[in-house]
Amino acid sequence: MKEFETIKKNNTSTKITETITGCEAVVKCLLAEGVDVLYGYPGGAIMPVYDELYKYQDKIHHVLTRHEQGATHAAQGYARISGKTGVAIATSGPGATNLITGIADAQIDSTPLVCITGQVGSHLLGSDAFQETDIVGISTPVTKWNHQITSASEIPEVFAKAFYIARSGRPGPVLIDITKDAQFETFEFSYDKCKGVRSYNPVPNTDISKIEEAATLINSAKKPMIVWGQGVILGKAEEQLKAVIEKANIPAAWTILGASAIPTSHPLNIGMVGMHGNYAPNVLTNQCDVLIAIGMRFDDRVTGNLDTYAKQAKVIHFEIDPAEIDKNVKTDVAVLGDAKASLEALLLLLDKKNHDSWHQQFKDLYAIEYEKIIKNDLNPTKNGLTMGEVLNEINKHTKGDAAIVSDVGQHQMIACRYAKFNQTKSNITSGGLGTMGFALPAAIGAKMAAPERDVIVIAGDGGYQMNIQELGTIFQTKVPVKIVILNNDFLGMVRQWQQLFFDKRYASTEMVNPDFVAIAKGYFIDAKKVTQREQLNAAVKEMMDCQGPFVLEVCVEKEDNVFPMIPTGASVSDIRLE
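Conventions adopted
- Residues numbered from 1 in each chain as written.
- Predicted model: local features only at pLDDT ≥ 70, side-chain atom pairs only at ≥ 80, totals over all residues.
- Heavy atoms only, no water.
- Helix = DSSP H or I, 4+ residues; strand = E, 2+ residues; numbered from the N terminus.
- Rg over C-alpha atoms; globule rule 2.2 N^0.38 Å.
- Buried < 20%, exposed > 50% of the residue type's maximum accessible area, 1.4 Å probe, protein only.
- Pairing = 2+ DSSP bridges.
- Axes fitted to C-alpha atoms, helices over the stretch in contact; angles between N-to-C directions.
- Contact = heavy atoms within 4.5 Å.
- 1 Å grid on protein atoms, 1.4 Å probe; cavity = no way out; pocket = protein on both sides within 12 Å on 5 of 7 lines; lining within 4 Å.
- Points joined across faces, edges and corners; volume = space filled by probe spheres on them.
- Nonpolar A, V, L, I, M, F, W, Y, C, P; charged D, E, K, R; others polar.

## A word on the overall build of the chain
Part 1 of the reasoning: The helix and strand inventory of the chain stands at 23 helices and 21 strands.
Part 2 of the reasoning: Rg of the C-alpha trace for the chain: 25 Å, near the compact-globule value of 25 Å for 578 residues, within the 12% margin.
Part 3 of the reasoning: C-alpha extents for the chain along the principal axes are approximately 75 × 60 × 40 Å.
Part 4 of the reasoning: Scored against the burial criterion, the 578 residues of the chain give a buried share of 58%.

## Structural notes on the sheet that holds strand 12 (residues 269-272)
Part 1 of the reasoning: The 6 strands lie next to each other as 12-11-10-13-14-15, forming an open sheet whose pairing is parallel. Looking at which strands have only one partner, the edges of the open sheet turn out to be strand 12 and strand 15 (333-336). Across the sheet, the mean angle separating the axes of adjacent strands is 20° when strand polarity is ignored.
Part 2 of the reasoning: Sheet topology places strand 10 (residues 224-228) next to strand 11 (residues 252-254); 3 bridges connect them, and they run parallel. Residue Val227 lies in a different strand from strand 11, and its bridge partner there is Ala253.
Part 3 of the reasoning: Here helix 9 (residues 208-220) sits on the sheet in contact with strand 13 (290-294), strand 14 (314-319) and strand 15, set at roughly 135° to strand 15.

## A look at the sheet that holds strand 6 (residues 113-119)
Part 1 of the reasoning: Taken in spatial order, the 6 strands line up as 4-3-5-6-8-7 in an open sheet, and their pairing is parallel. Two strands bound the open sheet, and with one partner strand each, they are strand 4 (61-64) and strand 7 (145-149). The sheet shows a mean angle of 20° between the axes of neighbouring strands, direction not considered.
Part 2 of the reasoning: Where strand 6 lies against strand 8 (residues 173-179), 7 bridges are found, and the strand directions are parallel. Following the sheet pairing, Cys115 is matched in strand 8 by Leu175.
Part 3 of the reasoning: Packing against the sheet, helix 3 (residues 68-82) makes contact with strand 3 (37-40), strand 5 (86-90) and strand 6, and its axis sits at approximately 170° to strand 5.

## What about the layout of surface pockets?
Part 1 of the reasoning: Volume-wise, the second largest pocket comes out at about 560 Å³.
Part 2 of the reasoning: Asn269, Ile270, Gly271, Asn278 and Tyr366 are, among the 24 residues lining the second largest pocket, the residues nearest its centre.
Part 3 of the reasoning: Contributions of two or more residues to the lining of the second largest pocket are made by strand 12, helix 12 (279-285), helix 15 (356-378), helix 16 (387-398) and helix 17 (410-418).
Part 4 of the reasoning: With 7 residues, the single largest contributor to the lining of the second largest pocket is helix 15.
Part 5 of the reasoning: The residue inventory of the lining of the second largest pocket, partitioned by class, reads 13 nonpolar, 7 polar and 4 charged.

This is the structure we're talking about:
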């Protein structure tokens, strides 16, 4: 029986506490934070929490993934499409270490996660006990914060702090490690949500004078250009960005994690920057006179050679994380703070502009890219299927309303280049870490968070097999994700580099693949294989019409390359079209 007592907190209020175990406290903390689904894999050191979760099945849905890495990626997909904090749970030792790749991915891509791991009893810490690893030490470089709990009384405060840190400011992953004895221990439980942490300032105060400086530069610019990143989406600043670019008539490009913040069809959306981005925004980065970066971190895949990146431009950087200012690119005006509030303030100070001749330069370069690359990708004349035409066919059926969850490789770049997006939070992919195997489990979480949306995996034959076991999770949960495998029998992106820079020495990149359709059917998932162009339309329609999950394998050209391409170490203006 639980014991209840009233504790006087002050003269005007009371706090109700209850005597419960640490493992029940974990579940109650999750409920208090609004968690209704979590992803994980049980084991000895976390078994008390799982036993408690069993009693709360009507309130929290636990999804049994087939691997702990799958749990973190599923939690990432859930977080990325919902804007909420994803939760993953695992046992000690290998269970905990298997979370690390997903945690590192979430850290680089600013995804809010709370990961919970079991740990051996506190009296065994440091003794090399069975399935003991120092997960706090291991995870320190790839978490926003972590903490090991050895006493049940710590649980409420640590969980409240973890959720606050994970979701506030620039989001990121947090890890909580709980010893087994702390899970069994009883204590007087009460819960208060965290509203702040001493010495942690998640949203820097915005200096209005910096916004005024930025507006002055933008208003005087002849060739302004915006590059936005995921910070716009995380900051819920999509409408503010749209208003800014429309008022000042500024061409705006995006990083891969920023894709979908503004609809693909918007006339001022000039496409993707970066290694396989669009020709015009890459080349004209080195011709603009004012470069406005919003919620992006000047990643090396975006900038190419820093010694030649936008040296002619005045650089304005809107950013929530002070660590990103001047880290890679020297800024002339740094605007720290919340993107939404900063852009709202900027909007009031901007002049209406035309910039017609500047826009024409983008149109002229797009025409070159279309003739040399896009036309052949989307409407090829050769016999073999291209990855681009598969994406084009998917666009026809989704009308740009689906969420695209892409894996890592050539297909990822093709998906980012050609998928149509009408609404935000529609492009879910592993950006900074480039984690092969991300897409399949991430799509599970995304579909659970947004059941009303079509969620489509775009994977290559290599990355798909890295977490192919999550087909078992799809079978068990009946999550109706659509899975498209673009099969070229190669590790395509590595093969492309080998072709271009290693004299076609295809070292360990050719894949001998299994029967993907048979494997899907082994999990009782509908599947089809397409080898000819005339089969594609009907197969995509069948996939989209299917009420359950579906695997569509499309055999594409083995040695097709993704262009444009900026070779490593080259300038963005040295982008290759072939």
